[in-house]
Amino acid sequence: MDLFPDSWAALLNAVAERPDQDFERPSGCTGWLVRDLVCHLIVDAQDILITLATPADTAPTADAVTYWHVQDHPPTGEDPLDALTVRLAAAYEDPGLLKFHLDDVGSAAGRAAALADPAARVSTRDQVLTVGDYLSTYVMEATLHHLDLVAHLPGAAGPPAPGLAHSRATLEAIAGAAFPASLTDRDALLVGTGRRTPTEAERAALGALAPRLPFVLG
């Protein structure tokens, strides 16, 4: 709960600060331009609003770690939903409209999160989580997509350090193993989730963890 506001606000601000020409640059998501990623973030914001308005009266079935569906191969960009995102993003035409829509619904999601009881239970993806655990998953989501946003934008500010550290710890809990201390939090997340290939030195440092990579979160 404490990390979510800063991670989410940093992501929204990073999008708001991007000049229009950056929306045509590639993102860190395979097959997506920055505009496509921003369109996906609008859906993320809607998901936050919907989930926080979907209370559950049963015991939690997942937490901030077990919530994630883990695959062993990165997306190709050919998934029908990914393709739909590309078409929807193109329909906006003006990057200013994308920025306005994300600021509008994203700010609402941030306000809803601030008002929510962290101990309350909510339902999403056929799972029940506490609000605290659910928003913890969005620290990971916001951090990874912030890295995606700036992947090909030299000089753009990355995600906050506390969110990076939290996301690394979550990924290590998912993996059941620690990433080597020689990897920064940013690099551990990029390599660990398949966003880039480890160097030979990194692969050697990863040891037995290397053949298990990547941990693709969905």
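Everything in this summary refers to the structure shown in the same document. Computed from a predicted model, the values in this text were never measured in an experiment.

Let's talk about the packing of helix H1 (residues 4-16) against helix H2 (residues 34-52)
The axes of two packed helices give the description: the angle between them and the distance between them. For the pair H1 and H2, the least separation of the axes is 12 Å and the interaxial angle reads 150°. Along this stretch, H1 crosses H2, giving a crossing that reads as left-handed. For the pair H1 and H2, contact is made by Phe4, Trp8, Leu11 and Val15 and by Val38, Leu41, Asp44, Ala45 and Ile48, respectively.

Some words on the pairing of strand E3 (residues 127-130)
What you see with E3 is no split at all: Gln127 and Leu129 on one side and Val128 and Thr130 on the other are buried throughout. As defined by bridge partners, strand E2 (residues 121-124) adjoins E3 across four bridges and the pair is classed as antiparallel. Residue pairing for E3: Ser123 is matched across the bridge by Val128. Here E2 folds back onto E3 in antiparallel fashion, the turn holding two residues, of which Arg125 has a positive phi close to 50°.

A closer look at unusual backbone geometry
For the bond running from Leu213 to Pro214, omega is 0°, close enough to zero to count as cis. With respect to the helices and strands, the residue Pro214 is situated in the loop between helix H8 (200-206) and strand E4 (216-217). The backbone phi angle of Arg125 is positive, close to 50°, even though this residue is not glycine. Position of Arg125 relative to the elements: it lies in the loop between E2 and E3. The exposure class assigned to Arg125 is partly exposed, which follows from its relative accessible area of 34%. Backbone geometry places Asp126, a non-glycine residue, at a positive phi of 60°. In this structure, Asp126 sits in the loop between E2 and E3.

Observations concerning the pattern of salt bridges
For the coordinates displayed, the defined rule picks out 11 salt bridges. A salt bridge links Arg195 to Asp148; the nearest nitrogen and oxygen atoms lie 2.7 Å apart. With Arg195 in the loop between helix H7 (185-192) and H8 and Asp148 in helix H5 (residues 131-149), this residue pair connects regions lying 47 residues apart in the sequence. In this structure, the salt-bridge partner of Arg196 is Asp187, at a minimum N-O distance of 3.3 Å.

Description of the side chain of Thr170
Along the chain, the position of Thr170 falls in helix H6 (residues 161-175). Owing to a relative accessible area of 10%, Thr170 belongs among the buried residues under this scheme. Thr170 has contacts with Ala64, Val65, Trp68 and Met140, leaving out every residue within four places of it along the chain.

Rules behind the numbers
Residues numbered from 1 in each chain as written. Predicted model: local features only at pLDDT ≥ 70, side-chain atom pairs only at ≥ 80, totals over all residues. Heavy atoms only, no water. Axes fitted to C-alpha atoms, helices over the stretch in contact; angles between N-to-C directions. Helix = DSSP H or I, 4+ residues; strand = E, 2+ residues; numbered from the N terminus. Left-handed = near helix turned anticlockwise from the far one by under 90°. Contact = heavy atoms within 4.5 Å. Buried < 20%, exposed > 50% of the residue type's maximum accessible area, 1.4 Å probe, protein only. Pairing = 2+ DSSP bridges. Salt bridge = Lys/Arg side-chain N within 4 Å of Asp/Glu carboxyl O.

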